[in-house]
Amino acid sequence: MPWIVGVSGASGTPYAAAVLRALLAAGESVDLVVSRASRLTLLDETGISFRDAHWRDDLGEWLARGADGKPGTFETDLTGVRYWSAGDLAAGPSSGSYPAKGMLIVPASTAAVAGVALGLSKDLLQRAASVTLKERRPLVVAVRETPLNGQTLRHLVTLDDLGAVVVPTSPAFYAGATHIQDLVDFVAGRVLDAGGVRHRLYRRWEGDLGGGAGK
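Before going into details, it helps to say that this report is about the structure given with it.

Calculation criteria
Starting afresh in each chain, residues are numbered from 1 along the sequence in its written order. Under the rules for a predicted model, residues below a pLDDT of 70 receive no local features and side-chain atom pairs below 80 are neither given nor counted, while totals for whole chains, interfaces and linings still include all residues. The side-chain numbers reported here are obtained from all heavy atoms of the structure, hydrogens and water having been left aside. Each helix corresponds to a stretch of at least 4 residues labelled H or I by DSSP, and each strand to a stretch of at least 2 residues labelled E; elements are numbered beginning at the N terminus. It is over C-alpha atoms that the radius of gyration is taken, and the globule rule equals 2.2 Å times the number of residues to the power 0.38. Exposure is judged per residue with a 1.4 Å probe applied to protein chains only, and the accessible area is read against the type maximum: over 50% gives exposed, under 20% gives buried, and values in between give partly exposed. Angles here are taken between N-to-C directions and fall from 0 to 180 degrees, while the axes themselves are lines fitted to C-alpha atoms, restricted in helices to the stretch in contact. Should an angle lie under 35 degrees it is considered roughly parallel, over 145 roughly antiparallel, and from 65 to 115 roughly perpendicular; all remaining angles are considered oblique. Note: crossing handedness is left-handed where the near helix turns anticlockwise from the far helix by less than a right angle, and right-handed where it turns clockwise. Residues count as neighbours in contact if any of their non-hydrogen atoms are within 4.5 Å of one another. What counts as a salt bridge is simple: a side-chain nitrogen of Lys or Arg found within 4 Å of a carboxyl oxygen of Asp or Glu. A pair of aromatic rings is counted whenever rings of Phe, Tyr or Trp (Trp by its six-membered ring) have centres within 6.5 Å, and the orientation is called stacked for planes under 30 degrees apart, edge-to-face for over 60 and tilted otherwise. Should DSSP find at least two bridges between two strands, the strands are taken to pair. Expected helix span is computed as 1.5 Å times (number of residues minus one).

What follows covers the overall build of the protein chain. Helix and strand content of the protein chain: seven helices and six strands. When the helices and strands of the protein chain are placed in sequence order, the string is β-α-β-α-α-β-β-α-α-β-α-β-α. Against the 2.2 N^0.38 benchmark of 17 Å for 215 residues, the protein chain shows a C-alpha radius of gyration of 16 Å, consistent with a compact globule. Once the C-alpha set of the protein chain is aligned to its principal axes, its extents read approximately 50 × 40 × 30 Å. Residues counted as buried form 51% of the 215 residues belonging to the protein chain.

On to the packing of helix H4 (residues 110-118) against helix H6 (residues 150-161), then. Running from N to C, H4 and H6 point in directions that differ by 50 degrees, and their axes come no closer than 9 Å. When the axes of H4 and H6 are compared, the pair comes out oblique. With respect to the hand of their crossing, H4 and H6 are arranged in left-handed fashion. Across from Thr-110, Val-113, Ala-114, Val-116, Ala-117 and Leu-118 in H4, the residues of H6 making contact are Thr-152, His-155, Leu-156, Thr-158 and Leu-159.

For the structure shown, the criterion picks out seven salt bridges. The partner of Arg-51 in a salt bridge is Asp-58, with the nearest N and O atoms 2.8 Å apart. The partner of Asp-193 in a salt bridge is Arg-204, and the shortest N-O contact between them spans 2.8 Å. Within this pair, whereas Asp-193 is found in helix H7 (residues 180-195), its partner Arg-204 is found in the segment after H7, the two being separated by 11 residues in sequence. What makes Asp-193 partly exposed here is its relative accessible area of 23%. Through salt bridges with shared partners, one network takes in Arg-190, Asp-193 and Arg-204.

Once that is clear, we can look at the packing of aromatic side chains. Under the counting rule described, the total for this entry stands at seven aromatic pairs. Ring plane angle 25 degrees and centroid distance 5.5 Å describe the contact between Trp-55 and Tyr-83, whose orientation is recorded as stacked. Here Tyr-83 lies in strand S3 (residues 81-85) and Trp-55 lies in helix H3 (residues 55-64), a separation of 28 residues in the sequence. This pair shows no difference in class: Trp-55 is buried, exactly as Tyr-83 is. Relative to Phe-186, the ring of Tyr-174 lies with its centre 5.6 Å away and its plane at 90 degrees, an arrangement referred to as edge-to-face.

With that settled, the discussion passes to the sheet that holds strand S5 (residues 139-143). If you walk across this open sheet you meet the six strands as S3-S2-S1-S4-S5-S6, and the pairing is parallel. Bordering the open sheet on either side are S3 and strand S6 (165-166), each of which pairs with just one other strand. The pairing of strand S4 (residues 102-108) with S5 spans four bridges and is parallel. Bridging across to S5, Leu-104 finds its partner in Val-140.

A separate point is helix H1 (residues 13-25). Look at H1: 18 Å from first C-alpha to last across 13 residues, which is about the 18 Å you get at 1.5 Å a residue. In terms of burial, H1 is a largely internal element, 11 of the 13 residues being buried. Within H1, burial applies to Thr-13, Tyr-15, Ala-16, Ala-17, Ala-18, Val-19, Leu-20, Arg-21, Ala-22, Leu-23 and Leu-24.

Structurally, Pro-71 is set in the loop between H3 and S3. Linking Pro-71 and Glu-61, residues 10 residues apart in sequence, is a C-alpha distance of 7.5 Å. Those residues within four positions of Pro-71 in sequence are excluded, and the remaining contacts are Ala-64 and Arg-65.

Function cannot be read off these values alone, since they describe shape.
Pasting the structure below:
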């Protein structure tokens, strides 16, 4: 069964790329949904135009980039990826009978958070998240916004009440980050931790003070 990964329009496309690479490296299958708004963000942050008709080539170019924008940093096998257009409300993930392990929304914009919390299902990303909740499957929402207003905070509490795990895209420094990729990988790793997916994206805390400084 695949993990559904939804990419919304918030800034933070490197987070999504790191999560996708780690899922595939762990041997997981992925059903990918890229919202229309996220294509604008991806173009702005990477210069890559994500096209339905050429999604595999565009995804390959995206996942090959490091968080610093350098192309050709990573090699990723895309065999385990199935892509669904965000406007396709008849897609597999729109139905509870479609088998999936759960869903990761990374990054999650405040618009996506509101849509899922209110059950709007205006596109496949929101519909797949609603299905994930009603089927009692894991839903991880990596919200990327600052500051957070009261309305968004209430929506996040609603998602928590519904059983979702809210993961702010807040990197930590105890893992000994020396590069922007380390900070991105920490957040991606915490998203995967919340979904129960094994990875080796960051150094875990073991109770040794100063361990990060010696990396």
